[in-house]
Amino acid sequence: MPHEDGFFTPFHLDVPQRDLDDLAERLRRTRWAPDVPGTGWERGVPTSYLRGLAEYWADGFDWREQEAELNALPQFTASVDGTRLHFLHVRSAEPDATPLLLLHGWPCSVVDFLDLVGPLTDPVAHGGAAGDAFHLVIPSLPGYGFSGPPPGPGWTDGRAAAALAELMARLGYDSYGVQGGDVGAFLAPLVARAAPGAVRGVHVNALVTFPTGDPAVMAALTEDERGRLARMKTWQEDQGAYMQLQGTRPQTLAALLHDSPAGWLAWIVERFKEWTDPAAELPEDAVPRDRILANAAVYWLTGTAGPAAHTYFERFHDPAMWALKAPGTTPTAVAVFPTDLSIRPFAEAVHRVVRWTEFPRGGHFAALETPGPLVADLREFFRSLR
């Protein structure tokens, strides 16, 4: 792979100590909102919980440890369509490894995939077969984290997907797979549409599906599918406020999230409470506390909480995103975890679903919560496409 030839530049993460000191000082000086006596998470993140997490972020969490873990992997930046893309590029020692593009979601980052790198690139050392190896490309999505803010508006999901397909082409991958969850589950099928001759398979989790409007399809829904549809309605009514704000007034929200790390932490830790395995009482019972805070730190230290929110505005206001399309033709696998609201007949109206796997435990953040089952599902799916 060429390095400093105008396409790719090696990237090393070294956050200035003054930025870490500023973060800790801001957290220590937070003006805490009082809790309403007798209430809990049903009104949002309780200050009694948030304060302890923020105190740990300020004085217990070790960013340098997370930084070193990232720097242990090859990282690069590239200029694509006028914006900077940051990505990890970890090649397997297996010569016939399958190239795989891994796409994170919101409010996450490349940190999500750190525990997948070893099992995916070196399966033999992790209980797998050599034929299940992958070469990994793990980008920070446009507008997120180390990719930094785009230079202007117009970065729709379609444009982001085209940029990611261009990145893979420049890396010399003319046949590869794509995996994504959350926002990544929106983008992965779009990458396949942008590069239909190159993407051999799409694997998604936390896939959002929408009713087709076909009365026959609605009438044929199973009891479980009707339950998911009811939960989707409840989610829209009770948990979708974050999406409406990011999709309609991101700049107003950015003023809050850019200035207060405690406010930013509350904004995202609520997602880790509501979207993780229902058996988890607290967010860190499902996702390691340091991984939650590493994701929070990536956005804070790069100043991208606002730019990431603006990607929701682009999605909400992009006619192409919601226009009727012919079903995709790329083989698609859907992994469904307990908090996911994916409904198969709705997915099949849009995607060429060839694999549908429902898991008994885990949640929205599969790469962080249940990396083992996710890796196994990826191996089995792409094995079937050889």
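- As recorded by an unreviewed UniProt entry, the protein carries the name Pimeloyl-ACP methyl ester carboxylesterase and is attributed to Actinocorallia herbida.

## Considerations on the packing of aromatic side chains
Phase 1 of the analysis: Within this structure, the stated rule accounts for 18 aromatic pairs.
Phase 2 of the analysis: Here F11 and F146 contribute two aromatic rings whose centre-to-centre distance is 5.9 Å and whose plane-to-plane angle is 45°, an arrangement assigned as tilted. Of this pair, F11 sits in the loop between β1 (8-10) and α1 (17-28) while F146 sits in the loop between β5 (134-140) and α5 (157-170), and the two are 135 residues apart along the sequence.
Phase 3 of the analysis: An aromatic cluster is built from W106, W235, Y242, F272, W275, Y312 and F365, whose rings are joined through pairwise contacts.
Phase 4 of the analysis: Directly above the ring of W155 sits R159, whose terminal nitrogen or CZ lies 4.3 Å from the centroid.
Phase 5 of the analysis: Sitting over the ring of Y56, R289 keeps its end group 3.6 Å from the ring centre.

## Considerations on the packing of α1 against helix α2 (residues 47-59)
Two measures define how a pair of helices packs: the angle their axes make with one another and the distance between the axes.
Phase 1 of the analysis: Put simply, α1 and α2 touch, their axes get as near as 8 Å, and they point 150° apart. By the criterion of interaxial angle, the relationship of α1 to α2 is roughly antiparallel. Crossing of α1 against α2: the hand is left-handed. Within the contact between the two elements, α1 uses L23, A24, L27 and R28 and α2 uses A54, W57, A58 and D59.
Phase 2 of the analysis: Of the residues contributing to the contact of α1 with α2, the split by class is six nonpolar, no polar and two charged.

## Structural notes on the pattern of salt bridges
Phase 1 of the analysis: In the structure shown here, the tally under the stated rule is 21 salt bridges.
Phase 2 of the analysis: Here R271 makes a salt bridge to E274, at a shortest N to O gap of 3.1 Å. Linking R271 with E274, this pair stays in helix α11 (residues 261-274), spanning three residues, or about one helical turn.
Phase 3 of the analysis: For E274, a relative accessible area of 25% gives the class partly exposed.
Phase 4 of the analysis: Bridged by salt links that share partners, the residues D14, R64 and E67 form one connected network.

## Topic: the side chain of D112
Phase 1 of the analysis: Along the chain, D112 falls in the loop between β4 (98-103) and α4 (114-121).
Phase 2 of the analysis: Summary of buried charges: D112 has no salt-bridge partner, and the nearest side chain of opposite charge, R291, is 7.6 Å away.
Phase 3 of the analysis: Once you skip the residues sitting within four places of it in the chain, D112 turns out to touch N295, A367 and L368.

## Comments concerning the UniProt feature "domain: Epoxide hydrolase N-terminal" (unreviewed entry) in the protein
Phase 1 of the analysis: The UniProt record annotates "domain: Epoxide hydrolase N-terminal" (unreviewed entry) at residues 9-113.
Phase 2 of the analysis: In this annotation, residues 9-113 is assigned 32% helix and 21% strand; the end-to-end C-alpha distance for the span is 22 Å.

## Section: the pairing of strand β8 (residues 331-336)
Phase 1 of the analysis: For β8, the buried fraction is high: six of the six residues fall into the buried class.
Phase 2 of the analysis: Pairing analysis gives four bridges linking strand β7 (residues 199-205) to β8, with the strands arranged parallel. Looking at β8, one finds that N205 is bridged to A335.
Phase 3 of the analysis: Note that β8 and strand β9 (residues 352-358) share six bridges and pair parallel. If you follow A335 over to β9, its bridge partner there is T357.

## Details of the UniProt feature "active site" (unreviewed entry) in the protein
Phase 1 of the analysis: Annotation from UniProt places "active site" (unreviewed entry) at D182, Y312 and H364. Those annotated residues from the list above that line the largest cavity are D182 and H364.
Phase 2 of the analysis: Locating D182 in the fold gives a position in the loop between β6 (176-181) and α6 (183-194).
Phase 3 of the analysis: Note on D182: relative accessible area 12%, which makes it buried.
Phase 4 of the analysis: Excluding residues within four positions of it along the chain, D182 makes contact with G105, W106, N205, A206, W275, Y312 and H364.
Phase 5 of the analysis: At a separation of 2.8 Å, a polar atom in the side chain of D182 contacts the main-chain amide nitrogen of W106.
Phase 6 of the analysis: Mapping H364 onto the fold places it in the loop between β9 and α17 (366-369).

## Here we look at the sheet that holds β6
Phase 1 of the analysis: Taken together, the nine strands give an open sheet; going across it, the order is β1-β2-β3-β5-β4-β6-β7-β8-β9, and neighbouring strands pair in mixed fashion. In the strand order of this sheet, the two ends are held by β1 and β9, each with one partner. Averaged over neighbouring strand pairs, the angle between their axes works out to 25° when direction is ignored.
Phase 2 of the analysis: Pairing of β4 with β6, which is carried by four bridges, proceeds in the parallel orientation. Directly across from L100, in β6, lies its bridge partner G177.
Phase 3 of the analysis: Those strands touched by α5 are β1, β2 (75-80), β3 (83-90), β4, β5 and β6, and its axis lies near 115° from that of β2.

Conventions adopted
Along each chain, residue indices are assigned from 1 in the same order as the chain's sequence is written. Residue-level local features of this predicted model are given only where pLDDT is at least 70; pairs of side-chain atoms are given and counted only at 80 or more, and the full residue set underlies all totals for whole chains, interfaces and linings. With hydrogens and water set aside, each side-chain value is computed from the structure's full complement of heavy atoms. Side-chain rings of Phe, Tyr and Trp, where Trp is taken by its six-membered ring, are said to pair if the distance between their centres is within 6.5 Å; with planes under 30 degrees apart they count as stacked, over 60 as edge-to-face, and otherwise as tilted. Put simply, DSSP H or I for four residues or longer makes a helix, DSSP E for two residues or longer makes a strand, and each gets a number counted from the N terminus. Two conditions define a charge sitting above a ring: the NZ of Lys or the CZ of Arg must be within 6 Å of the ring centre, and it must be within 35 degrees of the ring normal. To obtain each axis, a line is fitted to C-alpha atoms, and for helices this fit is confined to the stretch in contact; angles are then taken between N-to-C directions over 0 to 180 degrees. Throughout, the term roughly parallel applies to angles under 35 degrees, roughly antiparallel to angles over 145, roughly perpendicular to angles from 65 to 115, and oblique to all others. Helix crossings are classified by the rotation of the near helix relative to the far one: an anticlockwise turn of less than a right angle makes the crossing left-handed, while a clockwise turn makes it right-handed. Every residue pair with non-hydrogen atoms within 4.5 Å of one another is taken to be in contact. Under the scheme applied here, ten amino acids are nonpolar (Ala, Val, Leu, Ile, Met, Phe, Trp, Tyr, Cys and Pro), four are charged (Asp, Glu, Lys and Arg), and all others, including Gly, are polar. Here, a salt bridge means any Lys or Arg side-chain nitrogen found within 4 Å of an Asp or Glu carboxyl oxygen. Burial status follows relative accessibility: with a 1.4 Å probe on protein chains alone, a residue under 20% of its type maximum counts as buried, one over 50% as exposed, and anything between as partly exposed. Positive charges are assigned to Lys and Arg, negative charges to Asp and Glu, while His and the chain termini are left out of the count. UniProt positions are given in the numbering used here, feature names are shortened, and annotations may be inferred rather than shown by experiment. Strands were regarded as paired on the criterion that DSSP finds at least two bridges between them. Two kinds of site are reported from a 1 Å grid over the protein atoms alone, namely cavities, where a 1.4 Å probe fits but cannot get out, and pockets, open sets with protein on both sides within 12 Å along at least five of seven lines, and residues are called lining when an atom falls within 4 Å of a point. Identification of polar contacts relies on pairs of N or O atoms within 3.5 Å, with a donor-acceptor requirement for protein atoms, meaning one able to donate a hydrogen and the other able to accept it, and with residues adjacent in sequence counted only if both atoms are side-chain atoms.

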